[in-house]
Amino acid sequence: MSEMVLEAVYKEFFPFWEKISARDRDVICQNSHCVTYPKGKNIHDGSECSGVILVRSGSLRLYLMSDEGKDITLYRLHKGDMCMLSASCVIKAITFDVFIDAEEDSTCCVIGGPAFAAVSERNPEVRIFALETAVNRFSDVMWVMQQILFMSMDKRLAIFLYDESVRTGSDMIALTHGQIARYMGSAREVVSRMLKYFASEGIVEVSRGGVTILDREGLRRLTL
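Residues numbered from 1 in each chain as written. Predicted model: local features only at pLDDT ≥ 70, side-chain atom pairs only at ≥ 80, totals over all residues. Heavy atoms only, no water.

Within the protein one finds eight helices and eleven strands. Burial analysis of the protein (224 residues in total) assigns 46% to the buried set. Looking at the protein alone, contacts between residues at least 24 apart form 67% of all its contacts between residues at least 6 apart. A total accessible area of about 11500 Å² is found for the protein, and carbon and sulfur atoms account for 52% of it. Charged side chains in the protein number 26 positive and 30 negative. The centres of these two groups are separated by 2 Å. (Helix = DSSP H or I, 4+ residues; strand = E, 2+ residues; numbered from the N terminus. Buried < 20%, exposed > 50% of the residue type's maximum accessible area, 1.4 Å probe, protein only. Contact = heavy atoms within 4.5 Å. Areas by Shrake-Rupley, 256 points an atom, 1.4 Å probe, with all protein chains shown as cover. Lys, Arg positive; Asp, Glu negative; His and termini not counted. Charge placed at Lys NZ, Arg CZ, Asp CG, Glu CD.)

So, about the packing of aromatic side chains. Counted by the stated rule, this structure contains nine aromatic pairs. Measuring from centroid to centroid gives 6.3 Å for F14 and W17, while their planes differ by 40°, and the two rings are tilted. Exposure remark for W17: the relative accessible area of 1% places this residue in the buried category. The ring of Y63 carries the charged tip of R61 above its face, separated from the ring centre by 4.2 Å. In this structure, R137 is placed above the aromatic ring of Y75, and the distance from its NZ or CZ to the ring centre is 4.9 Å. (Phe/Tyr/Trp six-rings, centres within 6.5 Å; stacked < 30°, edge-to-face > 60°. Lys NZ or Arg CZ within 6 Å of the ring centre and 35° of its normal.)

The sheet built from three strands is open, its strands ordered β9-β11-β10 with antiparallel pairing. The open sheet is flanked by β9 (172-173) and β10 (204-207), the only strands paired with a single partner. Pairing analysis gives two bridges linking β9 to strand β11 (residues 210-213), with the strands arranged antiparallel. Residue pairing across strands places M172 opposite T212, the latter belonging to β11. Seen against the sheet, helix α7 (residues 188-200) touches β10 and β11 and runs at an angle of roughly 130° to β10. (Pairing = 2+ DSSP bridges. Axes fitted to C-alpha atoms, helices over the stretch in contact; angles between N-to-C directions.)

Let us look at the nonpolar core. Grouped together as the largest cluster of nonpolar side chains are 27 residues, with contacts concentrated most on Y10, F16 and F116. At the level of elements, α1 (3-13), α2 (22-30), β3 (52-57), β8 (106-111), α3 (113-122) and α4 (124-150) are the ones that each hand at least two residues to this core. (Core = buried A, V, L, I, M, F, W, Y, C linked by side-chain atoms within 4.5 Å.)

Bringing the pairing of β10 into the picture now. Summarising the sheet, β10 and β11 pair through four bridges and their orientation is antiparallel. Within the sheet, the bridge partner assigned to V204 lies in β11 and is I213. Count of turn residues in the β10/β11 antiparallel hairpin: two residues.

It is worth spelling out the environment of I100 at this point. Its location among the elements puts I100 in strand β7 (residues 99-102). Sequence-wise, I100 and L60 are 40 residues apart; in three dimensions their C-alpha atoms are separated by 6.6 Å. Apart from residues lying up to four places away in sequence, I100 is in contact with K41, N42, I43, H44, I53, L60, R61, L62, Y63, C83 and S86.

Interaxial distance between helix α6 (residues 177-184) and α7 falls to 8 Å at its minimum, and their mutual angle equals 110°. Considering the angle they form, α6 stands roughly perpendicular to α7. Crossing of α6 over α7 shows right-handed handedness. Across from H177, G178, I180 and A181 in α6, the residues of α7 making contact are R188, V191, S192 and L195. When the residues that make up the contact of α6 with α7 are grouped by side-chain class, the tally is four nonpolar, three polar and one charged. (Parallel < 35°, antiparallel > 145°, perpendicular 65-115°, else oblique. Left-handed = near helix turned anticlockwise from the far one by under 90°. Nonpolar A, V, L, I, M, F, W, Y, C, P; charged D, E, K, R; others polar.)

Tracing the backbone through its elements, the reader meets H44 in strand β2 (residues 42-44). Assessed through its relative accessible area of 4%, H44 is described here as buried. Separated by 56 residues in the primary sequence, H44 and I100 have C-alpha atoms spaced 5.0 Å apart. Those residues in contact with H44, other than ones at most four positions away along the chain, are S50, L85, S86, V98, F99 and I100. Among the polar contacts listed, one links the side chain of H44 to the side chain of S50, at a separation of 2.5 Å. (Polar contact = N/O pair within 3.5 Å; in protein donor to acceptor, adjacent residues only side chain to side chain.)

Quick look at the packing of α3 against α4 now. Closest axis-to-axis distance for the α3/α4 pair is 5 Å, and the angle between their directions is 120°. Judged by the angle between their axes, α3 and α4 are oblique. Across from F116, V119, S120, E121 and R122 in α3, the residues of α4 making contact are P124, V126, R127 and A130. Its residues assigned to classes, the contact of α3 with α4 comprises five nonpolar, one polar and three charged.

In structure tokens form, the structure reads like this:
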């Protein structure tokens, strides 16, 4: 991807773009590359600074992995979202290992961590943007932990299905029971059992293609 195209992309997504010097814009563009990751590809294993990732299309999943191989989804990134947790060389406070997988074929622009860090050191606007992005994602992480620790399973599942429906603009949630369980940090058997209960109440319909919401108001009430 040419620097001209990269500049157009960054101008659209970065609110600080017009506030930094042409030299710093060049540094970011010259240290960027765009790549398409196939579905299922691990693109960050927490072992190094992979850089700042901007999602142009597709979906990425960020998660923590235990020593026993159990993972907990922290959040997902979609078009226009930026990941700072993959850039520990930019934000030094990131001292834990985060893993990132492509949930579907995804095209991303990746900015080299050292280059982005150097530009942020010279420009408070860039540094503030990076910190605000990271803080907003930590709020998502705390929300996930609150659900896992304090919410009943039926409420957690209702929130997940309702939020996913709002995000996609569809009553059809094209996810398997295993995918839903992974996103929620639960077991597939538990999700399947709860979906069966929702179906018996006429709230959803479960099929091989996913889950269809039949009673949005009933589902919403379960989230309260």
